[in-house]
Amino acid sequence: MAQFNSFEEAIDFSFWKDICLEYGVSRHYARGEYFVHAGSMLRQVGWIISGGFKHSLIDHAGNLKAVGFVFEGSVLANYQSAMLGRKMPTDIIALEDSEVMVIPAELIRDRLQVDPTLHIRFTQALFEQAYVHILNDYRYTPTERYRQLVERYPRITQLVTLAEIASYLNISYRQLHRIREAVLNG
């Protein structure tokens, strides 16, 4: 199955997984448990052995927004906080009971700093994913984006509330409800 996040298909993340498996500590996160809180520094990163996490934030109107997801076989991190020492822009919260190999963020930071080519490919892949995500909001209808999301990760409707899926797609809950009805009755 394809990775949920396209930047993880653009780079061989075996280096990240290998570092986590060699130097990491296995940590269990229960559903709803925070890996990190928005506003704090990300001191640890990880490799998701099983389970999944959401990146969420509260917008200026006080609404909770799901802005990203990561699942089994993926990195668990935030580039700005881990690499640039900035405060976390989002919370990272377990969607289900999850197992993660956790390491200090500086191990990945050191690895990327000694391999500038890998670091450049890494940042380019992150930028490309963000840019394509923005373009797809214009390119595809909400119904098309919903179908693509469910095709890319069919289990998402079991792990994530409809309200979170709606916020991730940047549409209203009501609009998502109508889309789901149309797709199911299709």
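To be clear, the structure that these remarks concern was listed above.
Calculation criteria
- Residues numbered from 1 in each chain as written.
- Predicted model: local features only at pLDDT ≥ 70, side-chain atom pairs only at ≥ 80, totals over all residues.
- Heavy atoms only, no water.
- Helix = DSSP H or I, 4+ residues; strand = E, 2+ residues; numbered from the N terminus.
- Rg over C-alpha atoms; globule rule 2.2 N^0.38 Å.
- Buried < 20%, exposed > 50% of the residue type's maximum accessible area, 1.4 Å probe, protein only.
- Contact = heavy atoms within 4.5 Å.
- Pairing = 2+ DSSP bridges.
- Axes fitted to C-alpha atoms, helices over the stretch in contact; angles between N-to-C directions.
- Core = buried A, V, L, I, M, F, W, Y, C linked by side-chain atoms within 4.5 Å.
- Arc of directions from axis to C-beta.

J.: If you had to explain the overall build of the protein chain to someone new, which residues and values would you point to?
T.: A count of helical and extended segments in the protein chain gives 9 helices and 8 strands. The C-alpha radius of gyration computed for the protein chain amounts to 17 Å, which stays within 12% of the reference 16 Å derived for 186 residues, consistent with globular compactness. For the protein chain, the spread of C-alpha atoms along the three principal axes comes to 50 × 35 × 35 Å. Buried positions account for 41% of the 186 residues belonging to the protein chain. By sequence separation, contacts in the protein chain at least 24 residues apart represent 75% of the contacts at least 6 residues apart.

J.: Describe the sheet that holds strand β6 (residues 75–76), with residues and values.
T.: Judged by pairing direction, the sheet is antiparallel, and its 4 strands sit side by side in the order β1-β8-β3-β6 without closing on themselves. Of all the strands in the sheet, just β1 (25–29) and β6 have a single pairing partner and so form its edges. Both β1 and strand β8 (residues 98–104) contribute to a ladder of 5 bridges, which runs antiparallel. Bridged to R27 within β8 is V100. This element, helix α2 (residues 14–23), spans β1, β3 (44–50), β6 and β8 of the sheet and lies at about 95° to β3. Sitting on the sheet, helix α4 (residues 105–114) touches β3 and β8, and the angle it makes with β8 is about 65°.

J.: Tell me about the nonpolar core, and please be specific about residues and values.
T.: Nonpolar side chains in soluble globular proteins tend to be buried together. Ranked by internal contacts, the top residues of the largest apolar core, which has 33 residues, are F13, W16, F35, L42, V45, F53 and L76. Among the nonpolar cores identified, the runner-up in size contains 18 residues, and F69, Y146, V160 and L162 belong to it.

J.: Requested: an account of α4, with residues and values cited.
T.: Among the residues of α4, A105, I108 and L112 are the ones counted as buried. Down the axis of α4, the buried set is contained in an arc of 70°. They therefore lie on one face. Facing away from the buried side of α4, by more than 90 degrees, are the exposed residues Q113 and V114. Considering only its buried residues, α4 is in contact with α2, β3, α3 (79–84), β8 and α5 (116–139).

J.: Describe in detail the pairing of β3, supporting the description with residues and values.
T.: In the sheet, β3 pairs with β8 via 6 bridges, with the strands oriented antiparallel. By the bridge assignment for β8, W47 is matched with M101.

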